[in-house]
Amino acid sequence: MTRPRTLLFRLLSLGTDFLESKASRLSVRLLNGLALMGLAATALALLAILTSGEFIALPVNLLTITVLCLVLWLNHKHYFSLAANLFVVAVVLAVSIQVLMVGPERGAQFWFLP
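Residues numbered from 1 in each chain as written. Predicted model: local features only at pLDDT ≥ 70, side-chain atom pairs only at ≥ 80, totals over all residues. Heavy atoms only, no water.

Trainee: What am I meant to see in helix H2 (residues 22-52) here?
Mentor: Three- or four-residue spacings in an α-helix give side chains the same orientation, since the helix completes a turn every 3.6 residues. Between the first and last C-alpha of H2 there are 45 Å, a value that for 31 residues agrees with the 45 Å anticipated at 1.5 Å per step. Of the positions making up H2, those classed as buried are Val28, Leu31, Asn32, Gly33, Ala35, Leu36, Gly38, Leu39, Thr42, Leu46 and Ile49. In the core, the buried residues of H2 are packed alongside helix H1 (7-12), helix H3 (58-76) and helix H4 (80-102). Measuring from the side-chain oxygen of the N-cap residue of H2 to the backbone nitrogen of Ala23 gives 3.3 Å; that N-cap residue is Ser21. (Helix = DSSP H or I, 4+ residues; strand = E, 2+ residues; numbered from the N terminus. Expected span 1.5 Å × (residues − 1). Buried < 20%, exposed > 50% of the residue type's maximum accessible area, 1.4 Å probe, protein only. Contact = heavy atoms within 4.5 Å. Polar contact = N/O pair within 3.5 Å; in protein donor to acceptor, adjacent residues only side chain to side chain.)

Okay, here's the thing in structure tokens:
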């Protein structure tokens, strides 16, 4: 008996239909999962922005949503390397901009340490 595929499983499995290697399928699912977690966190931040009335962070939030949806779309279209590189560049830029905006005393730059 096969279990029904949930929406979350379908989103995690975007682009893995024709991959033969289990390792490749898992790495694409991992990237999809990271993008989905980022979308969930960004959606919560979007709610906080809209309810607070301070819209200064709204453009960056909408850009983040766009980039994360683009990562999912690129995986769906089988551009796995481009999706992974876009995700890494977006995260590094986000942390760098955060350090520039709030200052180094917050410690966001320590994310770059191994």
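After that view, the rundown keeps rolling.
Trainee: Any chance you could explain the packing of H3 against H4 here in plain terms?
Mentor: When two helices pack together, their arrangement is given by the angle between their axes and by how far apart the axes lie. Two elements in contact, H3 and H4, have axes separated by 8 Å at closest approach and are oriented at 160°. With respect to H4, the element H3 is oriented roughly antiparallel. By crossing handedness, the relation of H3 to H4 is classed as left-handed. Judged by residue contacts, Val67, Leu68, Leu70, Val71, Leu74 and Asn75 of H3 engage Phe80, Leu82, Ala83, Leu86, Phe87 and Ala90 from H4. Grouping the amino acids of the contact of H3 with H4 by side-chain chemistry returns 11 nonpolar, one polar and no charged. (Axes fitted to C-alpha atoms, helices over the stretch in contact; angles between N-to-C directions. Parallel < 35°, antiparallel > 145°, perpendicular 65-115°, else oblique. Left-handed = near helix turned anticlockwise from the far one by under 90°. Nonpolar A, V, L, I, M, F, W, Y, C, P; charged D, E, K, R; others polar.)

Trainee: Just to check I follow, could you spell out H3 for this structure?
Mentor: The end-to-end C-alpha distance of H3, which contains 19 residues, comes to 27 Å, matching closely the 27 Å that a straight helix rising 1.5 Å per residue would cover. Every buried residue belonging to H3 is among Asn61, Val67, Leu68, Val71, Leu72, Leu74 and Asn75, and all of these are buried. Seen end-on, H3 carries its buried residues on one side only, within an arc spanning 165°. Seen from the open side of H3, the exposed residues pointing more than 90 degrees away from its buried face are Pro59 and Leu63. Looking at the packing, one finds that the buried side of H3 touches H2 and H4. Directly beyond the C-terminal end of H3, a positive phi value near 70° is found at His78. (Arc of directions from axis to C-beta.)

Trainee: Just to check I follow, could you spell out the side chain of Ser13 for this structure?
Mentor: Looking at the secondary structure, you find Ser13 in the loop between H1 and H2. At 3.0 Å, the side chain of Ser13 and the backbone oxygen of Phe9 are in polar contact. Of the polar contacts made by the side chain of Ser13, one reaches the side chain of Arg29; its length is 3.3 Å. Apart from residues lying up to four places away in sequence, Ser13 is in contact with Arg29 and Asn32.

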